[in-house]
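# Coordinates in review
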Amino acid sequence: MDGKFPSYNNALSWQGNVSLPTAPGVYAIFLRTATDLPQDWRDDLSCEDRLLYIGKAGGGLKARLKTHFTGKSISDTFRRSIGAILHCSGYHDLEPWLPRPCKKPTLYVFKNESVLSKWIQQNCDFNFLPIEKAQVEAKETELIEKYYPPINILNNPRKLQKLEEIRRECALVARQNA
């Protein structure tokens, strides 16, 4: 990344951190080391700077990071992607399911979301860049198109087909488990 983000922060550090802005902005999530990934995903997700995902927070960075690091996957594409990767790599504690009827066929959660939260907190770092709310969406798209973070699907010209396939697979498993 080009240095416009502050220094890395540990994913555990968002909790209770009053210095995290409640203002809108964009953020980047990084993997600490490639060895933290399941073996069969290391080549797909290993970038020089270990960038995994770029996102936007129109309602405040602190709230959005909380969703990623301790939230539910049903409303979080980053969590669904990481959970799908782990599930398909043998993390059997992460079984996709639907907690309630859902009209959108791509949504699902994991039965043990705390396992996913723990993995993300232990293996990811983040950066954030506060910007005006009106510029958030355009900036997110610009950064995705520039850096091609492998977990991003939307607006990513180099999105991983393999990731889309396992997310569809998890959605099917969730419907079968419902």
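Data block above holds the structure.
To keep things clear, this report deals only with the structure shown in the data block.

Conventions we followed
Along each chain, residue indices are assigned from 1 in the same order as the chain's sequence is written. Per-residue local features of the predicted model are confined to residues with pLDDT of at least 70, and side-chain atom pairs are confined, for both listing and counting, to 80 or more; whole-chain, interface and lining totals are unaffected and use all residues. With hydrogens and water stripped out, all remaining heavy atoms of the structure feed into the side-chain values. Numbering of helices and strands runs from the N terminus, with a helix taken as a DSSP run of H or I at least four residues long and a strand as a DSSP run of E at least two residues long. Think of it in three bands: with a 1.4 Å probe and only protein chains considered, a residue is buried below 20% of the maximum accessible area for its type, exposed above 50%, and partly exposed in between. Whether two residues are in contact is decided by their heavy atoms, any of which lying within 4.5 Å being enough. Per-residue and other accessible areas follow the Shrake-Rupley method at a 1.4 Å probe size, with only the shown protein chains counted as cover for residues. Expected helix span is given by 1.5 Å per residue-to-residue step, counting one fewer step than there are residues. Detection works on a 1 Å grid of protein atoms alone, calling trapped sets that fit a 1.4 Å probe cavities and calling open sets with protein on both sides within 12 Å along at least five of seven lines pockets, with lining residues defined by an atom within 4 Å of a point. Grid points are joined across faces, edges and corners, and a volume is the space filled by probe spheres set on the points. By definition here, a salt bridge exists when the distance from a side-chain nitrogen of Lys or Arg to a carboxyl oxygen of Asp or Glu is within 4 Å. Centres within 6.5 Å are what make two rings of Phe, Tyr or Trp a pair, Trp counting through its six-membered ring; a difference in plane orientation under 30 degrees is then read as stacked, over 60 as edge-to-face, and the rest as tilted. Look at NZ for Lys and CZ for Arg. If either is within 6 Å of the ring centre and within 35 degrees of the ring normal, a charge sits over the ring. The definition of a polar contact used here is a pair of N or O atoms within 3.5 Å, where within protein one atom must be able to donate a hydrogen and the other to accept one, and adjacent residues in sequence count solely through side-chain atom pairs. As used in this record, nonpolar core signifies buried Ala, Val, Leu, Ile, Met, Phe, Trp, Tyr and Cys residues forming a set joined through side-chain atoms within 4.5 Å.

Moving on to the overall build of the chain. For the chain, the helix and strand inventory stands at six helices and six strands. In sequence order, the chain lays out its α and β elements as β-β-α-β-α-α-β-β-α-β-α-α. The burial tally for the chain puts 49% of its 178 residues in the buried class. Restricting the contact set of the chain to residue pairs at least 6 apart, pairs at least 24 apart contribute 74%. Of the roughly 8,800 Å² of accessible surface on the chain, a fraction of 51% belongs to carbon and sulfur atoms.

Inspection of the secondary structure assignment puts L61 in helix 2 (residues 61-70). Apart from the residues lying within four places of it in its own chain, the contact partners of L61 are P21, T22, A23, P24, G25, V26, Y27, F128, L129 and P130.

Between its first and last C-alpha, helix 5 (residues 136-147) extends 16 Å over twelve residues, near the 16 Å set by a 1.5 Å rise per residue. Within helix 5 the residues assigned to the buried category are V136, K139, E140, T141, L143, I144 and Y147. Those residues of helix 5 that are buried are in contact with strand 2 (25-31), strand 3 (51-57) and strand 6 (124-130). Immediately beyond the C-terminal end of helix 5, within one or two residues, lies Y148, with a positive phi of roughly 55 degrees.

What follows concerns the side chain of D125. The topology assignment puts D125 in strand 6. Since its relative accessible area comes to 10%, D125 is described here as buried.

A few words on the layout of surface pockets. In this structure, the largest pocket occupies an estimated 290 Å³ of space. Contributing to the lining of the largest pocket are 16 residues, with Y53, T77, E140, N152 and L154 lying nearest its centre. Mapped onto the lining of the largest pocket, the elements with two or more residues apiece are strand 3 and helix 5. When its volume is computed, the second largest pocket comes out at roughly 180 Å³. Lining the second largest pocket, in full, are R80, K104, T106, L107, Y108, I153, E164, R167, R168 and A171.

Moving on: the pattern of salt bridges. Under the definition given, this model contains six salt bridges. Here E140 ties to K56 by a salt bridge, and the two come within 3.4 Å at their closest N and O atoms. On the criterion of sequence distance, the pair formed by E140 in helix 5 and K56 in strand 3 is long-range, its members being 84 residues apart. Accessibility expressed as a relative area gives 8% for E140, which makes it buried.

Here we take up the packing of aromatic side chains. Ring pairs (aromatic) are described by centroid distance and by the angle formed between their planes. With the rule as written, the count across this model stands at three aromatic pairs. One aromatic cluster is present, formed by Y27, Y53 and F78 through successive ring pairs. Sitting above the plane of the Y148 ring, R158 keeps its charged end 3.6 Å from the centroid.

Along the chain, the position of N152 falls in the loop between helix 5 and helix 6 (161-177). Classification of N152 as buried rests on a relative accessible area of 3%. A polar side-chain atom of N152 sits 2.8 Å from the main-chain carbonyl oxygen of I54. Excluding its chain neighbours within four sequence positions, the residues that come into contact with N152 are L52, Y53, I54, I144 and K159.

So, on to the nonpolar core. Membership of the largest hydrophobic core comes to 36 residues, with the highest contact counts inside it found for I82 and I151. Counting only elements with at least two residues in this core, the list comes to strand 2, strand 3, helix 2, helix 3 (77-88), helix 4 (113-123), strand 6 and helix 6. Those residues within four positions of I82 in sequence are excluded, and the remaining contacts are L52, L116, W119, I120 and I151. Judged by nonpolar contacts, the second largest core, of eleven residues, contains V26, I131, I144 and Y147.

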